[in-house]
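Geometric and topological summary
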Amino acid sequence: MALSHILKYKIVDIAVVLMFFATVIDLGGGLGIKYASYTFALFVILLKRRFPFNKSLISFGILFIICPILSFIWGICNNAELNSAIIQITPFIPAFFLLLLLDKNNINIALYVFNNSLLIIAILTIVIYLLLIVNPSLIELISGFMINHNMGFFGNKDIEGSYFPNVYFKSVLFLNFAFIIFYSKKQYYKSLIIFVGILLSFSKSATIGAIICWIFLEINIFHRKNNHLYIKPQKMKLIMIILSCSIFLIVSYWHELDVFYNYFVNALTGKSATTIVRIKHFESVIQLFSDNPRFIITGQGLGTRFYTSGFGRLADNIEIDHINTIRKFGFIWSTFFYYIIIWEILILQKSKLKQYKTLCIAFFSTFILVGTNPLLISPLFLMLMVLVYKIIHYNIQKNDFSLYYNI
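Since the structure is predicted, the reported quantities are computational estimates derived from the model, not experimental observations.

Quick look at the overall build of the chain
The number of helices and strands found in the chain is 18 helices and 6 strands. Counting every position in the chain, which comprises 407 residues, the buried fraction comes to 50%. Long-range contacts, defined here as pairs at least 24 residues apart, represent 71% of the contacts in the chain between residues at least 6 apart. Summing over all exposed atoms, the chain offers an accessible surface of approximately 20400 Å²; the carbon and sulfur share of this is 67%.

Details of the confidence of the model for the chain
Here the chain averages 82 in pLDDT, and 79% of its residues register 70 or above. Ranking the helices and strands of the chain by mean pLDDT puts helix 5 (residues 92–101) first, with 95, and helix 12 (residues 257–268) last, with 47. Confidence drops under pLDDT 50 across residues 253–265; counting only partners more than four residues distant or on other chains, this segment forms 18 contacts.

Some remarks on helix 10 (residues 204–217)
With 14 residues, helix 10 should cover 20 Å at 1.5 Å per step; its first-to-last C-alpha distance of 20 Å lies within 8% of that length. Restricting attention to buried positions, one finds in helix 10 the residues Lys204, Ala206, Thr207, Gly209, Ala210, Cys213 and Leu217.

Some words on the environment of serine 378
In this fold, serine 378 is placed in the loop between helix 17 (354–370) and helix 18 (379–396). Residue classification places serine 378 among the buried positions, given a relative accessible area of 5%. For the pair serine 378 and phenylalanine 92, spaced 286 residues apart in sequence, the C-alpha to C-alpha distance is 7.9 Å. Residue contacts for serine 378: discarding those within four places in its chain leaves Pro91 and Phe174.

Concerning the pattern of salt bridges
Summed over all chains, the structure comprises 2 salt bridges. The partner of glutamate 81 in a salt bridge is arginine 305, with the nearest N and O atoms 3.5 Å apart. Of the two residues, glutamate 81 sits in the loop between helix 3 (55–77) and helix 4 (82–89) while arginine 305 sits in the loop between helix 14 (294–298) and strand 5 (306–308), which places them 224 residues apart along the sequence. Taking relative accessible area as the criterion, glutamate 81 reaches 40% and is therefore assigned partly exposed. A relative accessible area of 39% means that arginine 305 is categorised as partly exposed.

Overview of the side chain of serine 284
Its location among the elements puts serine 284 in helix 13 (residues 273–291). In this view, serine 284 contacts Phe306, Tyr307, Thr308 and Ser309; residues no more than four positions away in its chain are not counted.

Some details on the nonpolar core
Counting 113 residues, the largest nonpolar core has Phe64, Phe337 and Met385 as the members making the most contacts within it. Aside from chain neighbours lying at most four places away, what touches phenylalanine 64 is Phe92, Ala95, Phe96, Leu382, Met385 and Val386.

Focus on the packing of helix 6 (residues 107–134) against helix 7 (residues 139–148)
The interhelical angle for the contact between helix 6 and helix 7, taken along N-to-C directions, is 150 degrees, at an axis separation of 10 Å. As summarised for this structure, helix 6 and helix 7 are arranged roughly antiparallel, according to the angle between their axes. Of the residues in helix 7, those in contact with Ile128, Leu131 and Leu132 of helix 6 are Ile139, Ile142 and Met146. Grouping the constituent residues of the contact of helix 6 with helix 7 by class yields 6 nonpolar, no polar and no charged.

Side note on the environment of leucine 199
Its location among the elements puts leucine 199 in helix 9 (residues 188–201). With 11 residues separating them along the chain, leucine 199 and alanine 210 place their C-alpha atoms 9.6 Å apart.

Side note on the packing of helix 6 against helix 8 (residues 175–184)
Put simply, helix 6 and helix 8 touch, their axes get as near as 9 Å, and they point 115 degrees apart. In terms of axis orientation, helix 6 runs roughly perpendicular to helix 8. Note that helix 6 runs across helix 8; the crossing there is left-handed. Between helix 6 and helix 8, the contacting residues are Leu111, Phe114, Asn115, Asn116, Leu118, Leu119, Ile121 and Ala122 on the first element and Leu175, Phe177, Ala178, Ile181 and Phe182 on the second. Residues that form the contact of helix 6 with helix 8 fall into these classes: 11 nonpolar, 2 polar and no charged.

Considering a nonpolar patch on the surface
On the surface, Phe53, Ile58, Ile62, Ile66, Ile69, Leu70 and Ile73 cluster together to form a nonpolar patch covering roughly 670 Å² of accessible area. Relative to the elements of secondary structure, isoleucine 66 occurs in helix 3.

Rules used throughout
Residues numbered from 1 in each chain as written. Predicted model: local features only at pLDDT ≥ 70, side-chain atom pairs only at ≥ 80, totals over all residues. Heavy atoms only, no water. Helix = DSSP H or I, 4+ residues; strand = E, 2+ residues; numbered from the N terminus. Buried < 20%, exposed > 50% of the residue type's maximum accessible area, 1.4 Å probe, protein only. Contact = heavy atoms within 4.5 Å. Areas by Shrake-Rupley, 256 points an atom, 1.4 Å probe, with all protein chains shown as cover. pLDDT = per-residue confidence, 0-100. Expected span 1.5 Å × (residues − 1). Salt bridge = Lys/Arg side-chain N within 4 Å of Asp/Glu carboxyl O. Core = buried A, V, L, I, M, F, W, Y, C linked by side-chain atoms within 4.5 Å. Axes fitted to C-alpha atoms, helices over the stretch in contact; angles between N-to-C directions. Parallel < 35°, antiparallel > 145°, perpendicular 65-115°, else oblique. Nonpolar A, V, L, I, M, F, W, Y, C, P; charged D, E, K, R; others polar. Left-handed = near helix turned anticlockwise from the far one by under 90°. Patch = residues over 30% accessible without salt bridge, like charges linked within 9 Å, V, L, I, M, F, W, Y side chains within 5 Å.

Have a look at this one:
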């Protein structure tokens, strides 16, 4: 194989690695490394030149390029804000770049980088949280830098009248994906770091999702021998670590436990402020469809705003993104979009290999979680969607969409 051919493949791998790392770390784009990685990816695509013209390229081309452009134009016709419309169409660009760059040689590298970049986010969450606990005077300096660079939400968080450091990176809802993958691979220390990062972010949906997924994975925690149930030896160490951490937290924060208890109970029972706001968002979207029936089919368009009683004002992004996606793009595009995601989930679930069933749980939980915030149509989730498709294509089936009709 010619040296130039080898270097071309290596550059493709580097582009894929940089895209995943930069998007996880800089999801808001404030640091600039996300856009730098996309620029490099475009350069590599132009260098590579040749790409297989197949059904997947056509399908994703329609889904990620043609339809969003039409929705962009339709949004402008419906008095959309140009800047907002541009922001909402850009997540499809890196996802389509990734479709062109991912192949059987780099999909595992991409998955590895994605998970370990999320591990870095969890470590940063823990380190920053501890810094703010030890030295509260740093809160303005750190939160100022993070907020100015659109890294997430930082500062003080009011939980049932008590204040705690707020360390919430934009990619925190993707931590569950890495938590599930690391845990299934018996990389328990990494999964524990991820879980602590989720807890310290105070994301109710991410925390509850991680606990549910852990319980689901631990259904087989026992094994039967001589008609007696025993805990699997390899699970005992993790259980002891979790118990030790739980005891430490209970002893250290005994007086604050009622605060956390009320915080999560209100979330589960639908009494929390954010849950009530989401319900009002949903009612407002239904009212919009009732007043404008054509929006059910065509969508309102990218960059458009509508009145939501959840905020008491006009808004474009709301924290029920599964529904807001239908509002923006319409029922036809959303059906195609959700169909591909459900197809991916079902194909992974049908696999006899544990690694793909685990990937199914991780991807499905992430799909649910990102819809609780305006992250469903984000570059990171769309890139993950493409990555899962490529894993299915190269590792589970050989022909594009050959299992479409076997679902």
